Amino acid sequence: MNGKYVSLLSEEDSMIIESKDIIVKKIKEFLDFLYSNAGEKDWFEIRILKLNGSTENDYYRVDDTEAAAETIYNRMISDHSIKGIYVTINTTAPDTIKHIKKSLKDNDIVHVINFPIDLDVFHGHPPTREEIELIRAAVEKSAEELYGRRGIAYSITTSGFGFHIFIKLKPVQFKTLEEKTAYREIGRKLAEEFEEEVIKHVDKRFINYVRNSADKNVYNLSRIMRVPWTINRREIAGKIYENLAKTLILKNGIPLDLSSEIEKEIMSITRATEKLLISKNGARLTSDEKDKIVNIIKSYWKPGTRHNLALGLSALFFWRGIEFEDALEIIQTVAQETGDNETADRETAVRDTYFNAQYRNYKSYLTDKLIFELNSALKDFYRRALRGKATQNIAITDAMEILSGKFSLVEYLKEHTTDIVKEVIENKGNVVFKVTFTEENTGQQVQLVLKNTTKMDKTKMFYALNEDFMAHFGIYIVNPLSIKSLDRDSRMTLTKYLAQSMLDYYAFVTRNAREVISEEFEEIKSAFFDIIEEDIKGIVRINERSELKPKTFAEILNRDYFVYAEIENRIYFSPSIMEYGSDIKGFARNLHKFLKKKRVASGKNWREDRTSISLGNRKHAYAYFVTADKFFELLENEDVTRPPLLEIDEILPEINEDRNVDGISDIESELDSFEEV
């Protein structure tokens, strides 16, 4: 064999290939199963792909599978330049065959009889036998759990580099674009479901092989799949690896009926595509935003998926309010930078989408992960595009739409999510997910905190995960009055739906989060030091707080000074200088953890280390017990610019001059107005 070729065939495989009778029988057995529910006079296509990119085609009736199997074997054994031999999984009519010029297209398919799930597990490397067997076991168990237990017929084959599952369908004809679109969307969901099931059962060492292995772009009606018991040649790192595709399971049963799911999906898609996320208001993408989007898309832009991606991306851009010129430039740039030689076809996809409403569906072409990445890159654009939009009547749906299945809360949340951070508290092992998404009617970036509380009762999960989420749900997404009007049973049904939705969304969050491992005080430390370096003019030294009148004290704080009481070892500062979050108590609590970690604060909790004084303007200054030497040593060790240290006498003349008051008399009487909290 040529040194460029590397055989992964076992001795047993090599011996089987030499036996024409055995191979032809096995191929025929598979074809008979594949077309068992086709029309009696239906035809299918054999498509041979060459390593040089050329193709050969042939056509056979479904009742002539033995002749087809012989043709497949003879071509495989005689030509080592064949990359793979495939057949269409769905069938066409005799009249259509007369007019076929080369390959079957979606419009040529008359009976959709097989639903494919394609797991390309070993895309980047040749697998070992252990890897194949361990993942095979998880795939077979998943198929049994999802379909076998329901009596659904299916088959499982391995290509030598991945696994193909074919679910037998009750024969259906898709005549409209809406039906075909709904089928693709259902395919994407079922593929994701199967992938998640495999992850549950697979050896932990191989979870990363399985994750994102399900191909979401195999749901065109004229889809071809590799014939088992043929040689699969794949180029990896300059070498061509050969492996034998095989049938693993042919399980008889009843066909899966997708008719009701198709109807529901058509309703969902129609609603989704009729509603613009962004109203066009002249907002344009910046050069940086376009570059980010191009870089994201390039990682997905692969042969076999590019046309569908161009359609899906164009539709997404349209509904997000991106101008046609910007969308066209992005797709053109991606095509050019990836060496795509069908740029004209990609440009046509953009034009058709923007100027022909029937092409404006994206959900069945794009994965949740890609939509999420694009939303993240577009979040600043959303904010600009939605600026100034009215906020009245901001609820976008009502309880009855949810209960009738017309509105999917999970899909809404997925499509609006712009950032997910998995925060791991290193010293405690706690995990918190911080999720940011764009509020549709205002453009506001809303952050939710989802805590890891998966052990709770599922029906209570929605409420337990986060109060902020429920508050946002009640205000921005569902009209609260519509919930109030429900009867008791409907409310219970809605509660269960919300709980399941939260679980599904939580699963999406955990799959797409970017992990940040840090100790708890790191973020607050950074914010605290930023305040010291940039916002604090200086530190005013006093012996004890009785040296100042309350109004003078407030005046100093409002001028962005720290007030340091040397004898009491406290530093006072105004909440107005704090830019961290919106909760002053949250800032105080976290800052205490940081100072305690540095052994500056001494109390057990932030309340013990705090004195809150009610000032004339009703603002509060927080005082932390600190030791002067430790505090300034801390600043120096952290390479933070130390603010100038001023004596109280240096600052008082300036204040007195501004306020036109003399001195600071009657201090004792003024102190009575301080309220200790």
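Computed from a predicted model, the values in this text were never measured in an experiment.

Cut-off values and rules
- Residues numbered from 1 in each chain as written.
- Predicted model: local features only at pLDDT ≥ 70, side-chain atom pairs only at ≥ 80, totals over all residues.
- Heavy atoms only, no water.
- Helix = DSSP H or I, 4+ residues; strand = E, 2+ residues; numbered from the N terminus.
- Buried < 20%, exposed > 50% of the residue type's maximum accessible area, 1.4 Å probe, protein only.
- Contact = heavy atoms within 4.5 Å.
- Phe/Tyr/Trp six-rings, centres within 6.5 Å; stacked < 30°, edge-to-face > 60°.
- Core = buried A, V, L, I, M, F, W, Y, C linked by side-chain atoms within 4.5 Å.
- Pairing = 2+ DSSP bridges.
- Axes fitted to C-alpha atoms, helices over the stretch in contact; angles between N-to-C directions.
- Salt bridge = Lys/Arg side-chain N within 4 Å of Asp/Glu carboxyl O.
- Parallel < 35°, antiparallel > 145°, perpendicular 65-115°, else oblique.
- Left-handed = near helix turned anticlockwise from the far one by under 90°.
- Nonpolar A, V, L, I, M, F, W, Y, C, P; charged D, E, K, R; others polar.

**Student:** Got a minute to help me understand the overall build of the protein in this structure?
**Tutor:** Across its full length, the protein carries 25 helices and 22 strands. Expressed as a percentage of its 677 residues, the buried residues of the protein come to 52%. A separation threshold of at least 6 residues defines the contact pool for the protein, and within that pool the share at least 24 residues apart is 74%.

**Student:** Is there a simple way to think about the packing of aromatic side chains in this case?
**Tutor:** Any pair of aromatic rings gets described here by the distance separating the centres and the angle formed by the planes. One pass over the structure, following the stated rule, counts 13 aromatic pairs. Summarising the aromatic geometry, the rings of Phe115 and Tyr219 are spaced 5.1 Å apart at their centres and angled 20 degrees between planes, so their arrangement reads as stacked. In this pair, Phe115 is assigned in strand E6 (residues 109–119) and Tyr219 in the loop between helix H7 (207–210) and strand E9 (224–226), connecting sequence segments 104 residues apart. Ring plane angle 40 degrees and centroid distance 5.6 Å describe the contact between Phe206 and Tyr209, whose orientation is recorded as tilted.

**Student:** Help me understand the nonpolar core in this model?
**Tutor:** Nonpolar side chains in soluble globular proteins generally cluster together in the buried interior. Formed by 46 residues in total, the largest nonpolar core has its most connected members in Leu119, Ile135, Val139, Tyr147, Tyr183 and Phe194. Taken together, the elements giving at least two residues each to this core come down to E6, helix H5 (129–146), strand E7 (154–158), strand E8 (163–172), helix H6 (177–201) and H7. The leading source of residues in this core is H6, at eight residues. Not counting the four nearest positions on each side in its chain, Ile135 is found in contact with Val121, Phe122, Phe163, Val202, Phe206, Tyr209 and Val210.

**Student:** How should I be thinking about the environment of Val410 in this particular structure?
**Tutor:** You can see Val410 is positioned in helix H15 (residues 409–416). On the basis of relative accessibility, which here comes to 9%, the residue Val410 falls in the buried class. C-alpha of Val410 to C-alpha of Asp504: the two residues are 94 residues apart in sequence and 6.9 Å apart in space. Sequence-distant contacts of Val410, defined by excluding residues within four places in its chain, comprise Ser501, Asp504 and Tyr505.

**Student:** Any chance you could explain the sheet that holds strand E11 (residues 239–244) here in plain terms?
**Tutor:** Sheet strands line up and pair through hydrogen bonds in the backbone, either parallel or antiparallel. The three strands are arranged E1-E11-E10 in an open sheet whose pairing can be described as mixed. The open sheet has two edge strands, strand E1 (5–7) and strand E10 (231–236), and neither has a second partner. Put simply, the sheet's adjacent strands are angled 30 degrees from each other on average, direction ignored. Inspection of the sheet shows E1 paired to E11 by three bridges, in the parallel sense.

**Student:** How should the environment of Phe562 be read in this particular structure?
**Tutor:** With respect to the helices and strands, Phe562 occurs in strand E18 (residues 561–565). Taking the C-alpha atoms as reference points, Phe562 and Val540, 22 residues apart in sequence, are found 6.1 Å from one another.

**Student:** Any chance you could explain the pattern of salt bridges here in plain terms?
**Tutor:** Opposite charge on two side chains permits pairing when their charged atoms draw close. If you walk through the whole model with that rule in mind, you get 31 salt bridges. Put simply, Arg149 and Glu145 hold a salt bridge, and the shortest N to O gap is 3.0 Å. By relative accessible area, which is 26% here, Glu145 ends up partly exposed. The partner of Glu411 in a salt bridge is Lys414, with the nearest N and O atoms 3.8 Å apart.

**Student:** Where do I start with unusual backbone geometry in this structure?
**Tutor:** Glycine aside, the phi torsion of most residues is negative, and most peptide linkages are trans. The phi angle at Trp229 is positive, at roughly 70 degrees, despite the residue not being glycine. Residue placement: Trp229 occurs in the loop between E9 and E10. For Trp229, a relative accessible area of 8% puts it in the buried group.

**Student:** Where do I start with the packing of H15 against helix H19 (residues 488–512) in this structure?
**Tutor:** The relative placement of two packed helices comes down to the angle between their axes together with the axis-to-axis distance. At their nearest, the axes of H15 and H19 sit 9 Å apart, and the two run at 30 degrees to each other. Classified by the angle between their axes, H15 and H19 sit roughly parallel to one another. For H15 against H19, the interelement crossing comes out right-handed. Note on element contacts: H19 touches H15 through Tyr497, Leu498, Ser501, Asp504, Tyr505 and Phe508, opposite Leu409, Val410, Leu413 and Lys414.

**Student:** Explanation requested: the packing of helix H11 (residues 324–337) against helix H12 (residues 343–355) in the structure shown.
**Tutor:** One way to put it is that H11 packs onto H12 with a least axis distance of 9 Å and a crossing angle of 160 degrees. What the angle tells us is that H11 and H12 run roughly antiparallel. Seen from above, H11 lies across H12 with right-handed handedness. When H11 is examined against H12, the residues Phe324, Ala327, Leu328, Ile331, Gln332 and Ala335 are found in contact with a partner set consisting of Thr343, Arg346, Glu347, Val350, Arg351, Tyr354 and Phe355. Residues that form the contact of H11 with H12 fall into these classes: eight nonpolar, two polar and three charged.

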